[in-house]
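Topology and contacts: notes
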Amino acid sequence: MSKRNVILLIIILVVIVAVAFGFFYFYRPAQNGATPQGTNFFANFLPFGKSKTVTPTDNGGIPADVSGYVPTEGDNIQNSKLKKVSSFPVAGFGVFMKERFKDIQTITQDIPLPNLPLTKGEEKGGGIKPVIPPSEFAPALRYVNRATGNIYQTFADKLNERKFSSNIIPRVYEAFFGNNGQSVIMRYLKDDNKTIETFVGALQKEYLGADSVGTSDVTGSFLPENISDVSVSSDSSKMFYLFDIGDSAAGI
C-alpha cells in the first residue's frame, strides 16, 4: 500500500471516530419523561462528578396546583401553642398562681353539688343551705402597658384581658413582678430624658370572686436614681439592683 493510501485511510478513520463521538455527545434521549441535566456520554463511564436528574412527576413534569390546599389540624399544632395575650406593647410581665371559682360545667360533669344539712332557722322556713362553689388555682399573668403604666391581668388558659390598676406612669421602659404577682417594679425616664427612676410598689390584694375593675392603686416608694440594672430571683421573692457611687458601683 502506498504512503498516500495510508494517509487517506487514517484521515477517514479520524473522521468516522469524530462523527461517532459527536453523535453520542449531543444525542441524549429522555427516558420515562425524565430530562437529564449535565449528563453526557462520557459521564456514564467516568466515576467522577455527579449528575443531576429531575425526578418525573405523575402529571408529566407540570407543577401541581396547590392554591386550594387546606392544612389539616395537625399542621397547626405548633401554632396553637402560641397565643396573643395583650392588645398593646408591654414593658414587662409576671406569672403567678391565682385562685378562682371552678366553672359550673366542670363541677356538674365531675361531681354533683351536695346539699348541706339545714340549720335550725332554715328548717323552719324549709330552705336549703347554700353550697360554696369549689375553687382552684390557675396560672395568671400581670403585665404593664408601656405607654400608660397601667397594670392588666388575665388567666393563661382563659384569656380575658382586664385592667387592674389606675395609676398612670407614662413611658415605662421596664417592669418586673415579684412576691407572686403582688409587687411591681417600674423603670422609666424623668422629664429630662436622662434620669432613670425606679418605682417599687405593692398591689392591692384581690379577694376570691371580687374581680378588679381597674381602680386598684399601686402604693410604694422610689429607689435611688439612675439604677443601672435590676434583677428578680427565680422565685420572685428577692430583688437585686446596682447603682453608681462615684467611680464605683454598689449592689443591694
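The paragraphs below set out a description of the structure included in this document. Residue indices begin from 1 for each chain and proceed along its sequence in written order. Predicted model: local features are reported for residues with pLDDT of at least 70 only, side-chain atom pairs are reported and counted for 80 or more only, and whole-chain, interface and lining totals are derived from all residues. Computation of side-chain values: all heavy atoms of the structure, hydrogens and water removed.

Considering the pairing of strand S12 (residues 239–245)
For the record, the criterion: By definition, two strands form a pair when at least two bridges between them are found by DSSP. Think of it this way: any DSSP run of H or I at least four residues long counts as a helix, any run of E at least two long counts as a strand, and we number them from the N terminus.
In this structure, strand S11 (residues 227–232) lies alongside S12, joined through five bridges in antiparallel fashion. In the sheet register, Asp229 faces S12, and the bridge partner there is Leu242. If you look at the hairpin formed by S12 and strand S13 (residues 248–251), you'll find two residues sitting between the two strands, and Gly246 has a positive phi there, around 65°.

Considering unusual backbone geometry
In the Ramachandran plot, Asn179 falls in the positive-phi region, its phi being about 55° despite a non-glycine side chain. Positionally, Asn179 belongs in the loop between strand S7 (172–178) and strand S8 (183–189). The phi angle at Asn180 is positive, at roughly 55°, despite the residue not being glycine. Structurally, Asn180 is set in the loop between S7 and S8.

What about the pattern of salt bridges?
Our working rule: What makes a salt bridge here is a side-chain nitrogen of Lys or Arg within 4 Å of a carboxyl oxygen of Asp or Glu, nothing more. Accessible area is worked out with a 1.4 Å probe on protein chains only. A residue is then buried under 20% of its type maximum, exposed over 50%, and partly exposed in between.
Taken as a whole and assessed by the stated rule, the structure comprises seven salt bridges. For Glu206, the salt bridge identified is with Lys98, shortest N-O distance 3.1 Å. With Glu206 in the loop between strand S9 (196–203) and strand S10 (218–222) and Lys98 in strand S3 (residues 90–101), this pair connects stretches of sequence that are 108 residues apart. Given the relative accessible area of 15%, Lys98 is considered buried. Among the ionic pairs, Arg142 bridges to Glu206, the shortest N-O distance being 3.0 Å. Of this pair, Arg142 sits in strand S4 (residues 135–145) while Glu206 sits in the loop between S9 and S10, and the two are 64 residues apart along the sequence.

The quantities given are spatial measurements derived from coordinates; they are silent on function.
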